Amino acid sequence: MAHGFAWALQSKLLRMDYRVEKDSLGEVLVPQRAYWGSQAERSRNLFQISGLTEHPTMIDAYIMLKKACTEANTELQLLDSEIGNAIVQAADDILGGQFRDQFPIDVFHMGAGTSLNMNCNEVLANRAEEILGGNVGEYKRVNPNDHPNYGQSTNDTFPSAMRIMSRLMLTDLLSAVDSLASAFEAKGKEFDGILKSARTHLQDAVPIRLGQEFTAYAVAVRKSKRWLEQAAYELEELGIGGSAAGTGLNTHPDYRAIVVKNLERYTGISFRNSPDMREAMQSNLAMAALSSGLRILSLELTRICNDLRLLCSGPLTGFAEIVLPAVQPGSSIMPGKINPSMAENLNLVLFQVLGQCQAIDYSVQAGQLELNVMMPGMAFASQFALQILTNTLNTFTENCVLGIQADEERCRHYAETSPSLATALNPILGYKVGAEVVKTALAEKKSIPQVVREKGLLDEETLVRALDPALLTEPGIPGR
């Protein structure tokens, strides 16, 4: 008896901290102070997968979309204006920074994203109910399915919110890419007069200017940005208004156009309606475009990072042509060791981004008939990739590229001692004589100019003119 009484008391006390909500599957205990409801609570308990919740920008995007839809339906007199205004106020509360702890579901939840859609609907409905004088969980005036979700489905809201989120985050990445390219351009100008040896096959090649290498990095970064700009354009096309399966069922004919105008007003971004709502439900081509842009940029940046790590290798046993800023000690056992930490960090992040691109690609091709249920995976992969890449590009530019220094003396030493420097003398001395100069230089460990002077092959004026850095590293024939 005592045991039964204690159990009953514990159960009663437990229920005091929870409210009972009902959905089509039965009763659900929801934390008393939660603004989410039964569906989010089911998801929260079922999908304890990663411990990660949605990125704030994904919440912003979804709530912004719900606000735009509510304003459209209110304008079209499909929603009672008092209820519509309360939902808009609730949305503004969230967008202003309140209730951000009310979206507890794991990023890896049920297919297509229904859990997140309903989480947003429930929070908006409960906050609107509260604004109208009711209590959280009562749903007397505002119902999650009937009002914040009016004329909508997860089918059209989740892909639209995912694209809005990706497009918003892409703005920050594009800015970071611009800053990086500008930093490389600045270094290109700073190092423009520094002659060095180029390398092909990791072997000595003809002279090049250090500034030319850095300017080429800037060009590669800017060319990569074009693919991201194309992805931005694709992301701006939204299938909102397609409701279920792209049919537009339960929507006003003017609704979808008003929604995208509202979104443009909120964001300043030229969102537009998809010309075919069925295609917008079936296909996630825009996310594949984003993946492609991220992949191309990541591959180029990986190559550039590896170059920088090679160029700064040493300081005594490597190339050591440049010096990267020292940001922290490089070893717990070797005193004074400094590593290219920022370049290493960027590579670490780039490999993660490439992995997320793979996840996006696999998810995009997994669509079946009128819906792709893998969208929550796409959304997480894109938000994670965009955030870490933007953050690392900003810190890499600030803490690495802007502070790169050149060892001009070492660069010139390599250029002058490289056997390939003799290539510039071919038009004057001929290939055969040039080959003999190279053999002597290698055997006696002397520079090409030194051997030419010792053998009296050219007067000083001709030699200096033939080895002019500007002539050696631009189209033309040195010495003529």
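What you see is a predicted model; the values in this text were computed from it and never measured.

A. View of the overall build of the protein chain. Along the backbone of the protein chain there are 18 helices and eight strands. The globule rule puts the C-alpha radius of gyration for 480 residues at 23 Å, and the 31 Å found for the protein chain is more than 25% above it. Judged by the C-alpha coordinates and their principal axes, the protein chain covers about 105 × 60 × 35 Å. Out of the 480 residues in the protein chain, the part that is buried amounts to 50%. In the protein chain, 73% of the contacts between residues at least 6 apart in sequence involve partners at least 24 apart. Here the protein chain contributes 43 positive and 55 negative side-chain charges, whose respective centroids are spaced 4 Å apart.

B. Quick look at the layout of surface pockets. Reported here for the largest pocket is a volume of approximately 380 Å³. If you list the elements that add at least two residues to the lining of the largest pocket, you get β7 (322–323) and α11 (341–364).

C. Seen up close, the packing of helix α6 (residues 154–190) against helix α12 (residues 375–399). Axis separation between α6 and α12 bottoms out at 9 Å; the angle between their running directions is 20°. Between α6 and α12, the crossing angle belongs to the class labelled roughly parallel. Here the hand of the crossing between α6 and α12 comes out left-handed. Classifying every residue of the contact of α6 with α12 by side-chain character gives 20 nonpolar, eight polar and one charged.

D. Representation of the nonpolar core. The biggest cluster of nonpolar side chains holds 110 residues, and the ones touching the most others in it are Phe184, Leu294, Leu393 and Phe396. With residues up to four places along the chain from it excluded, the contact list for Leu393 reads Leu173, Ala176, Val177, Leu180, Leu297, Leu301 and Leu346.

E. Structural detail: the packing of aromatic side chains. In total, this model carries eight aromatic pairs according to the counting rule given. Taking the centre distance of 5.6 Å and the plane angle of 65° together, the rings of Phe184 and Tyr217 count as edge-to-face. In this pair, Phe184 sits in helix α6 while Tyr217 sits in helix α7 (residues 210–235), placing the two residues 33 residues apart along the sequence. In terms of burial, Phe184 and Tyr217 fall into one category: buried. Joined through ring pairs, the aromatic side chains of Phe184, Phe191, Phe214 and Tyr217 make up one cluster. Its end group placed over the ring of Tyr266, Lys67 keeps NZ or CZ at 4.7 Å from the ring centre. The ring of Phe319 carries the charged tip of Arg199 above its face, separated from the ring centre by 4.0 Å.

F. How the structure looks around the pattern of salt bridges. Per the counting criterion, the structure on display carries 30 salt bridges. The residue Glu190 makes a salt bridge to Lys187 at a minimum N-O spacing of 2.9 Å. Of the two residues, Glu190 and Lys187 both sit in helix α6, three residues apart, roughly one turn of that helix. A relative accessible area of 6% places Lys187 in the buried class. Between Arg272 and Glu237 there is a salt bridge whose closest N-O contact spans 3.7 Å. Residue Arg272 is found in strand β6 (residues 272–273), and its partner Glu237 is found in strand β5 (residues 237–238); the two are separated by 35 residues along the sequence. Here Glu237 falls in the buried class, since its relative accessible area comes to 18%. Three or more residues joined by partner-sharing salt bridges are found here, namely Asp178, Glu185, Arg222, Lys225 and Glu229.

G. View of the environment of Gln152. Within the fold, Gln152 resides in the loop between α5 (114–131) and α6. Considered as a pair, Gln152 and Val452 are 300 residues apart in the sequence and their alpha carbons are 81 Å apart. Contacts of Gln152, omitting those with residues within four sequence positions, involve Lys66, Cys69, Asn73, Thr157 and Tyr255. At a separation of 2.9 Å, a polar atom in the side chain of Gln152 contacts the side chain of Lys66. For Gln152, the side chain forms a polar contact with the main-chain oxygen of Pro148, separated by 2.9 Å.

H. Here's a closer look at the state of the cysteines. Under the definition given, this model contains zero disulfides. With no disulfide of its own, Cys411 lies 12 Å from the sulfur of Cys312, the closest cysteine sulfur. Assessed through its relative accessible area of 0%, Cys411 is described here as buried.

I. Highlighting the side chain of Lys66. With respect to the helices, strands and loops of the structure, Lys66 is situated in helix α3 (residues 56–75). One buried charged side chain, Lys66, makes no salt bridge at all; its nearest oppositely charged neighbour is Asp156, positioned 7.2 Å away. Within the structure, the side chain of Lys66 is placed 3.0 Å from the side chain of Asn149, a separation counted as a polar contact.

J. Just the pairing of strand β4 (residues 203–209), in detail. Note that strand β3 (residues 195–200) and β4 share five bridges and pair antiparallel. Considered in β4, the bridge of Ser197 is made with Pro207. Between the antiparallel neighbours β3 and β4 lie two residues, among them His201 with a positive phi of about 60°.

K. Region of the structure containing helix α4 (residues 81–95). In this model α4 runs 21 Å from its N-terminal to its C-terminal C-alpha over 15 residues, within 8% of the 21 Å that 1.5 Å per residue would give. Each element contacted by the buried residues of α4 is listed here: α3 and α5. At the N-terminal end of α4, a side-chain oxygen is found 3.0 Å from the backbone nitrogen of Glu82, two or three residues along, and the residue is Asp80. Gly97 lies just past α4 and shows a positive phi near 115°.

About the thresholds
Residues numbered from 1 in each chain as written. Predicted model: local features only at pLDDT ≥ 70, side-chain atom pairs only at ≥ 80, totals over all residues. Heavy atoms only, no water. Helix = DSSP H or I, 4+ residues; strand = E, 2+ residues; numbered from the N terminus. Rg over C-alpha atoms; globule rule 2.2 N^0.38 Å. Buried < 20%, exposed > 50% of the residue type's maximum accessible area, 1.4 Å probe, protein only. Contact = heavy atoms within 4.5 Å. Lys, Arg positive; Asp, Glu negative; His and termini not counted. Charge placed at Lys NZ, Arg CZ, Asp CG, Glu CD. 1 Å grid on protein atoms, 1.4 Å probe; cavity = no way out; pocket = protein on both sides within 12 Å on 5 of 7 lines; lining within 4 Å. Points joined across faces, edges and corners; volume = space filled by probe spheres on them. Axes fitted to C-alpha atoms, helices over the stretch in contact; angles between N-to-C directions. Parallel < 35°, antiparallel > 145°, perpendicular 65-115°, else oblique. Left-handed = near helix turned anticlockwise from the far one by under 90°. Nonpolar A, V, L, I, M, F, W, Y, C, P; charged D, E, K, R; others polar. Core = buried A, V, L, I, M, F, W, Y, C linked by side-chain atoms within 4.5 Å. Phe/Tyr/Trp six-rings, centres within 6.5 Å; stacked < 30°, edge-to-face > 60°. Lys NZ or Arg CZ within 6 Å of the ring centre and 35° of its normal. Salt bridge = Lys/Arg side-chain N within 4 Å of Asp/Glu carboxyl O. Polar contact = N/O pair within 3.5 Å; in protein donor to acceptor, adjacent residues only side chain to side chain. Disulfide = S-S within 2.5 Å. Pairing = 2+ DSSP bridges. Expected span 1.5 Å × (residues − 1).

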